[in-house]
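Listed below are the residues making up each chain.
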Amino acid sequence: MIQIKNLSKSYGPRPDAPHALDDVSLDIADGDIVGIIGMSGAGKSTLVRCLNLLERPTSGQILVDGQDVIGLTGAELRRYRRRVAMIFQNFGLLAQKTVLANVCFPFLAATGRVTAENRARALALLDLVGLADRADSYPSQLSGGQQQRVAIARALACDPEYILCDEATSALDPASTNTVLKLLRQINRETGVTVIVITHSMGVVEKICRNVVVLEHGRVVERGSVADVFADPQSHAAKVLLERVDWDA
Ligand SMILES: Nc1ncnc2c1ncn2[C@@H]1O[C@H](COP(=O)(O)OP(=O)(O)OP(=O)(O)O)[C@@H](O)[C@H]1O
Ligand SMILES: [Mg+2]
């Protein structure tokens, strides 16, 4: 499990720089699908970038199965990053490479080569996301939803324990959004991978998350089961995101 303890992050060298994350503590249980929701600037992307150590927190701890990962370097850091896969809003595929080569890329990055076994695994993952017949296409020949499914296949190539999705469906139409969300839910059920969904859409949270954490100005202002938070939101941020406030007031 992931335990985030008193995590703070401010950008820039000045000690009094504003906090993008301010004393955030939360636990993410193995196998959960948890939504981290908040309005623009709330600190959601900062939190995921701290989780995969693309960004160094200013203070606090991130314990993964009890081990503090913030100090990891070198081979240990690379090993940790393989446990935590990322999916982004803009898919992040390599335009010059075929779909199959994109899914094989993590193998290439990890070992410097792609074996026949790796290729077979990549094809099986493309089959899982429903795109086995597009292995030789290039990303530009696919729709946004299809590209995101390739990105999911690529994320799974490392057999991650955690999948972090930062606004993974924000660029997609409602039908493609549903396909991608169903795929993530299916993968969660079948493999037990923990899915962390960053979004400003309560609709996305309602569809696939079991638990939700609401961020506002870098702080956790509410958390709980999706059922409870939707039934009776307590924080102003949750009420606004659920459109339970009179916007014209
Ligand atoms: N590289 C950076 N340098 C300086 N400030 C940053 C940097 N990245 C983010 N910030 C600031 O940190 C705060 C949190 O930003 P963050 O990107 O984490 O928000 P977010 O919740 O992901 O927003 P959005 O929904 O718009 O993606 C904001 O005030 C932002 O301006
Ligand atoms: Mg963001």
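Conventions and cut-offs
Residues numbered from 1 in each chain as written. Chains lettered and ligands numbered in written order. Predicted model: local features only at pLDDT ≥ 70, side-chain atom pairs only at ≥ 80, totals over all residues. Heavy atoms only, no water. Near = heavy atom within 4 Å. Polar contact = N/O pair within 3.5 Å; in protein donor to acceptor, adjacent residues only side chain to side chain. Areas by Shrake-Rupley, 256 points an atom, 1.4 Å probe, with all protein chains shown as cover. Helix = DSSP H or I, 4+ residues; strand = E, 2+ residues; numbered from the N terminus. Nonpolar A, V, L, I, M, F, W, Y, C, P; charged D, E, K, R; others polar. Disulfide = S-S within 2.5 Å. Buried < 20%, exposed > 50% of the residue type's maximum accessible area, 1.4 Å probe, protein only. Contact = heavy atoms within 4.5 Å. Expected span 1.5 Å × (residues − 1). Arc of directions from axis to C-beta. Pairing = 2+ DSSP bridges. Axes fitted to C-alpha atoms, helices over the stretch in contact; angles between N-to-C directions.

S.K.: Lay out the site of ligand 1 in plain terms, naming residues and giving numbers.
M.R.: Neighbouring ligand 1 are the residues Y11, A20, M39, S40, G41, A42, G43, K44, S45, T46 and R49. In the environment of ligand 1, an oxygen atom lies 2.8 Å from a nitrogen or oxygen atom belonging to the side chain of S45. Compared with its free state, where it exposes 630 Å², ligand 1 has 55% of that area covered by protein. When residues in the shell around ligand 1 are grouped by element, the largest group, four residues, is from helix 1 (residues 44–51). Per-class residue counts for the shell around ligand 1 are four nonpolar, five polar and two charged.

S.K.: Give a detailed account of the state of the cysteines, specifying residues and quantitative values.
M.R.: Under the criterion given, the structure shown has zero disulfides. Free cysteine: C50, not disulfide-bonded; nearest cysteine sulfur from C165 at 18 Å. C50 sits in the buried class, given a relative accessible area of 0%.

S.K.: Account for the environment of L53, naming residues and giving values.
M.R.: One can find L53 in the loop between helix 1 and strand 4 (59–64). By relative accessible area, L53 is classed as buried at 3%. Along the primary structure L53 and Q89 are separated by 36 residues, whereas in three dimensions their C-alpha atoms are 19 Å apart. If sequence neighbours within four positions are ignored, L53 has contacts with V69, I70, L77, Y80 and R81.

S.K.: So what's going on with helix 4 (residues 116–128)? Which residues, and what values?
M.R.: An ideal rise of 1.5 Å per residue puts 18 Å on 13 residues; helix 4 measures up with 18 Å between its terminal C-alpha atoms. Residues of helix 4 that are buried include every one of N118, A122, L125 and L126, and no others. Projected down its long axis, helix 4 carries its buried residues within an arc of 100°, all on one side. What points out from helix 4, more than 90 degrees from its buried face, is the exposed set A116, E117 and D127. Buried residues along helix 4 sit in contact with helix 3 (99–111) and helix 5 (144–156). Downstream of helix 4 by one or two residues, G130 has phi in the positive range, about 80°.

S.K.: Kindly report on the sheet that holds strand 9 (residues 211–216), identifying the contributing residues and their values.
M.R.: Here we have six strands laid out as an open sheet, ordered 6-7-8-3-9-10, and mixed in their pairing. Each of the sheet's edge strands pairs with one partner strand only, and the pair in question is strand 6 (84–88) and strand 10 (219–225). Geometrically, the sheet is characterised by an average inter-axis angle of 15° between neighbouring strands, direction not taken into account. With four bridges joining them, strand 3 (residues 33–37) and strand 9 adopt parallel strand pairing. The residue of strand 9 that forms the bridge with V34 is N211.

S.K.: Give a detailed account of the side chain of S10, specifying residues and quantitative values.
M.R.: Counting through the fold element by element, S10 comes out in strand 1 (residues 2–10). Setting aside residues up to four positions removed in sequence, S10 forms contacts with A17, P18, H19, A20 and T58.

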